[in-house]
Amino acid sequence: MKTVIIAEKPSVAKSIAAIVGANTRMDGYMEGNGYMVTWAFGHLVGLALPEEYGFKGFNREHLPILPNPFILKPRQIKEGKEYKPDAGAVKQLEVIRRLFAQTDRIVSGVDAGREGELIFRYIYHYLGCTKPFDRLWISSLTDKAIREGLQNLRPGKDYDKLYASAKARSEADYLIGINASQSLSIAAGRGVWSLGRVQTPTLAIICSRYLENKAFTPATYFKLKLQTTKDATTFAVLSVDKYDERKSAEETVAAIMQAANVRVENVERKEQNVQPPLPYDLTTLQKEANSRYGFTAERTLSIAQSLYESKHLTYPRTSSHYISTDIMEEVPELIAKFKEYERFAAYARSMDLKILNIRPVDDKKISDHHAILPTENLPGKLSDEERTIYEMVAGRMLEAFSPVCKKANTVVKLKCGETEFTARGSETLSPGWQKVFGYKEEEQEEDTTILPEIKEGEILPVNACGILEKQTKPCPIHTESTLLAAMETCAKRVENEAEREAIKECGIGTPATRAAIIETLFARDYIRREKKSLVPTEKGLTVYGVVKDKMIADVAMTGGWELALSKIESGEMEASSFHKGIEVHAAQITTELLNTKIIVQDDKAGCACPRCKTGHVVFYPKVAKCGNGDCNLMVFREIAKKSLTDKQLSDLLVKGKTSLISGFQSKAGKSFDAMVTLDNDFKTTFVFPERKADKKWKSKK
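Some remarks on the overall build of the chain
Right, on to step 1. What the chain contains, in helices and strands, is 21 helices and 29 strands.
Right, on to step 2. Taken over the C-alpha atoms alone, the chain extends approximately 120 × 80 × 50 Å along its principal axes.
Right, on to step 3. Per-residue burial over the chain gives 48% buried out of 701 residues.
Right, on to step 4. Considering only residue pairs separated by 6 or more positions, the chain has 70% of its internal contacts joining residues 24 or more positions apart.

Okay, here's the thing in structure tokens:
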């Protein structure tokens, strides 16, 4: 009996097939050596849309929609106004169904994580399969990792709790997203509005920071900058106090210049060991790639995933900065590989592989996957973007296992009369890990200077003293980097201590989903990019104004759900209890939003709806559509090869009929003139002008 292995993507299936000897390409799978290796295309199966449960359109009386049980359907794609099964997904599901029927041994080789588990299980259950299966769990796609994974397959039931967590997440997103979105759309009376379990709190983070920034009124203040000299070294010190008035600062400057010298009150010098940064998790990689190179979070994830599939990086969708003890055993050999990689060759040769920094090694701080590392496969040709991300990960690994950077930090306090000054100096004694990316001795940290040797009690001359005019600054508008950090550390803004503790470890979203959440906000036209900044649109601000005080935007509640999902995965909570809580939240959110008054500003042309009498018809480039979720009035702008103008659409909907329009074209290609009207079902129909011959015949009668 042949073994069937199912991977998440064709590229991964190809790597696995090469190892097991399934080298014959078939339609939808690879076969050979007793194996049939097939694949999904991501989420081939998902939760059915409300229409499958009998809830067509947006109707107040249908809400909240709480399916029991949920129905699984092949992936849907939108065609016109309707969703239909994706033909490619249906075809591949039939291939998998047929292969499952031919075997008694199934191996799930989808990505090793929560979403991968969901992809396989939804396919498995949709196909009605009850055969036992094993799980291939690997953190990289190198030949070595695949072989070791196949030698250490685990029973699929060992991952039942992971699936329970994934299923709970999927259903929670459905319940909150469907009910919140439909409720807000109905309350608005026009348009389709999207809300979500994670996207809405994320939008709230962006909007609140933006409004805070725009409402900020800068305040001017003044500081003094004094220049002095010791042993031919001139350096500057800044006043400790700030001055609200320039006059006060000027009077102090005059007194200092008259005194002509400044006394060293205190010198404090400390040596510091600066530990290297830990290896990357996905969120940190995304943050730094955005701040350094302007990569979006989605782009960084896409590149890292590509490097994973090409066997150059380990699994990127990880939340851990640490590696396990057994992985540490491979690190010296891994570092030695970089002696052959030009960018890091010199540094790798200088490392003592017998004495490595073990700070990144902690078995207790690893969940599904360890930190992102390069594999033993050094890359050849890469695109510029791929090389950038690869070298970020590789360089960070070298830093992480390198010696500490040793510095001597000096803080000098000086005094002239009653005015206190301070200066900070920093000297690198041993650069350690900072040499990986070419640390330069002259580079200084912000607010530090090069200080001469100074002793307490010394009297130094005042060479000059000036006034620095400064202004207080608002918190900057979020970039993708700072937004990812805010999503990860949102507990800091939660006032309730119990709620703050609940989300301290997880934030909102997961490393694997945060990039998709940000892209969803772009797709919904809620935010836009201005250089690196994320700026809310008028639509985004309108949504925020409605939901900012509602449960759907509550960071603490959303983060608490992430914590609950992790407890389901660990077995500390039953998925059924979480599901009941989500249903309660969905009902509460629905009630809140349906009772909301929302005024939608729209600069598009339109008119009152003749069908429902309450909605507003908006004129779009291809259709005129009522924004009332309970009304399905839609008039296509193009009729018989002729596109109606806004004026003609308005006449049709307000007066019930257009004026005579020339240039319509029949199916036979003949041109004709007609007026357009609406029938009793509000469908368009033609009214033709009377012909002259008809008029003469009537007059004769």
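Once the structure has been displayed, the description carries forward.
Observations regarding the packing of helix 3 (residues 114-126) against helix 5 (residues 160-188)
Right, on to step 1. Helix 5 packs onto helix 3 with a crossing angle of 90° between their chain directions and a minimal axis gap of 8 Å. With respect to helix 5, the element helix 3 is oriented roughly perpendicular. Where helix 3 approaches helix 5, its residues Arg114, Glu115, Glu117, Leu118, Arg121, Tyr122 and His125 are matched on the opposing element by Asp160, Leu162, Tyr163, Ser165, Ala166, Lys167, Arg169 and Ser170.

Side note on the side chain of histidine 370
Right, on to step 1. Within the element layout of this structure, histidine 370 appears in the loop between helix 12 (345-350) and helix 13 (384-400).
Right, on to step 2. Leave out the neighbours within four places in its chain, and histidine 370 touches Ser139, Thr314, Thr318, Ser320, Tyr322, Ile323 and Ile327.

Some remarks on the environment of alanine 345
Right, on to step 1. Position of alanine 345 among the secondary structure elements: in helix 12.
Right, on to step 2. You can call alanine 345 buried: its relative accessible area is 7%.
Right, on to step 3. For the pair formed by alanine 345 and leucine 224, sequence separation is 121 residues and the distance between their alpha carbons is 47 Å.
Right, on to step 4. Apart from residues lying up to four places away in sequence, alanine 345 is in contact with Phe338 and Lys339.

With respect to the pairing of strand 14 (residues 261-274)
Right, on to step 1. When strand 14 meets strand 17 (residues 459-461), the two strands line up antiparallel, connected through 3 bridges. Bridged to asparagine 261 within strand 17 is proline 461.
Right, on to step 2. Alignment of strand 14 against strand 15 (residues 405-416), held across 11 bridges, turns out to be antiparallel. Counted as the bridge partner of arginine 263 is lysine 415 from strand 15.

What to know about the sheet that holds strand 21 (residues 606-608)
Note: strands within a sheet are paired through backbone hydrogen bonds, in either parallel or antiparallel orientation.
Right, on to step 1. With antiparallel pairing, the 4 strands of this open sheet are ordered in space as 21-22-23-24. Either end of the sheet is taken by a strand with one partner, and the two such strands are strand 21 and strand 24 (634-636). Strand after strand, the sheet turns through a mean of 15° between neighbouring axes, direction not considered.
Right, on to step 2. Across 3 bridges, the pairing between strand 22 (residues 616-619) and strand 23 (residues 623-626) is antiparallel. Following the sheet pairing, phenylalanine 619 is matched in strand 23 by alanine 624.
Right, on to step 3. Against the sheet, helix 20 (residues 646-654) makes contact with strand 21, strand 22, strand 23 and strand 24, and its axis sits at roughly 160° relative to strand 22, the strand it touches most.

Definitions and cut-offs
Residues numbered from 1 in each chain as written. Predicted model: local features only at pLDDT ≥ 70, side-chain atom pairs only at ≥ 80, totals over all residues. Heavy atoms only, no water. Helix = DSSP H or I, 4+ residues; strand = E, 2+ residues; numbered from the N terminus. Buried < 20%, exposed > 50% of the residue type's maximum accessible area, 1.4 Å probe, protein only. Contact = heavy atoms within 4.5 Å. Axes fitted to C-alpha atoms, helices over the stretch in contact; angles between N-to-C directions. Parallel < 35°, antiparallel > 145°, perpendicular 65-115°, else oblique. Pairing = 2+ DSSP bridges.

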